[in-house]
Amino acid sequence: MTVRLREMRWWDIDPVLELEKDLFPEDTWSRGMFWSELAHARGAEATRRYLVAETDGRIVGYAGLVAAGEQGDVQTIAVARDHQGTGLGARLLTELLRAATAFECHEVMLECRVDNVRAQKLYERFGFEPIGFRRGYYQPGNVDALVMRLSDPSASVRETETHD
């Protein structure tokens, strides 16, 4: 079963929302949020990169990054339950870091639920370091976010490529 990564398009929003609702039932993004993000992911003035992972016509993951000046921000990474533990999250994160490098970001930030240890371990493998918390960030569950930073995304991409 081959998983292919490609740019997210507007017709991917409904299947992405289904995955979003399954994985993040308490703080699901809305259709409008995805539309807004994709509107900024096209053309010469693009400030976003959104990807989907697809196998046999089914979306099994997605990820997005925003670039603002020299800073990137991982907005979301999600992998279908039946594809977790396969390395797909690492592939998606690698592509986001490549995008951050292309956007000339010198650092990348992200927020991660404090109870999502699996994701935290992934980010740490890529060199992200915890730098603080955002209390009650994930609503309506009032779950705190761990804020993490990667100081040199291009170095992390090079490191990943040498291990592939």
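The preceding data block contains the structure.
Residues numbered from 1 in each chain as written. Predicted model: local features only at pLDDT ≥ 70, side-chain atom pairs only at ≥ 80, totals over all residues. Heavy atoms only, no water.

**Student:** Outline a nonpolar patch on the surface, listing residues and values.
**Tutor:** Taken together, the side chains of Trp10, Trp11 and Trp35 define a hydrophobic patch exposed on the protein surface, amounting to about 400 Å² of accessible area. Inspection of the secondary structure puts Trp10 in the loop between strand E1 (4-7) and helix H1 (13-23). (Patch = residues over 30% accessible without salt bridge, like charges linked within 9 Å, V, L, I, M, F, W, Y side chains within 5 Å. Areas by Shrake-Rupley, 256 points an atom, 1.4 Å probe, with all protein chains shown as cover. Salt bridge = Lys/Arg side-chain N within 4 Å of Asp/Glu carboxyl O. Helix = DSSP H or I, 4+ residues; strand = E, 2+ residues; numbered from the N terminus.)

**Student:** Please set out the pattern of salt bridges residue by residue, giving values where relevant.
**Tutor:** As enumerated under the stated definition, the model contains 14 salt bridges in all. For Glu37, the salt bridge is made with Arg48, and the minimal N-O distance between the two is 2.9 Å. One end of the pair, Glu37, is in helix H2 (residues 31-39); the other, Arg48, is in strand E2 (residues 48-55), and 11 residues separate them in sequence. Relative accessible area serves as the criterion here: at 17%, Arg48 is assigned to the buried category. One salt bridge connects Asp115 with Arg113, and the closest N-O pair in it is separated by 3.0 Å. Each of Arg4, Arg6, Asp12 and Glu54 takes part in a single network of salt bridges with overlapping partners. (Buried < 20%, exposed > 50% of the residue type's maximum accessible area, 1.4 Å probe, protein only.)

**Student:** Explain the sheet that holds E1 to me, using residue names and the numbers behind them.
**Tutor:** An order of E1-E2-E3-E4-E5-E7-E6 is seen for the seven strands of this open sheet, with the pairing classed as mixed. The open sheet has two free edges, formed respectively by E1 and strand E6 (129-138), since each of these has just one partner strand. Recorded for the sheet is a direction-independent mean angle of 25 degrees between the axes of neighbouring strands. Most of the contacts of H1 go to strand E3 (residues 58-68), to which it runs at about 90 degrees, and overall it touches E2, E3 and strand E4 (71-79). H2 rests against E2, E3 and E4 of the sheet, and its axis sits at about 115 degrees to E2. (Pairing = 2+ DSSP bridges. Axes fitted to C-alpha atoms, helices over the stretch in contact; angles between N-to-C directions. Contact = heavy atoms within 4.5 Å.)

**Student:** Which residues make up unusual backbone geometry, and what are the values?
**Tutor:** In the segment running from Gln139 into Pro140, the intervening peptide bond is cis, with an omega of 15 degrees. In this model, Glu104 sits at a positive phi of 65 degrees, which is unusual for a non-glycine residue. With respect to the helices, strands and loops of the structure, Glu104 is situated in the loop between helix H3 (88-102) and strand E5 (107-113). According to the relative accessible area criterion, Glu104 is exposed, its value standing at 59%.

**Student:** Residues and numbers for H2, please.
**Tutor:** Residues of H2 that are buried include every one of Phe34, Glu37 and Leu38, and no others. One side of H2 holds all its buried residues, which, seen down the axis, span an arc of 95 degrees. Residues of H2 that are buried in the fold lie against H1, E2, E3 and E4. (Arc of directions from axis to C-beta.)

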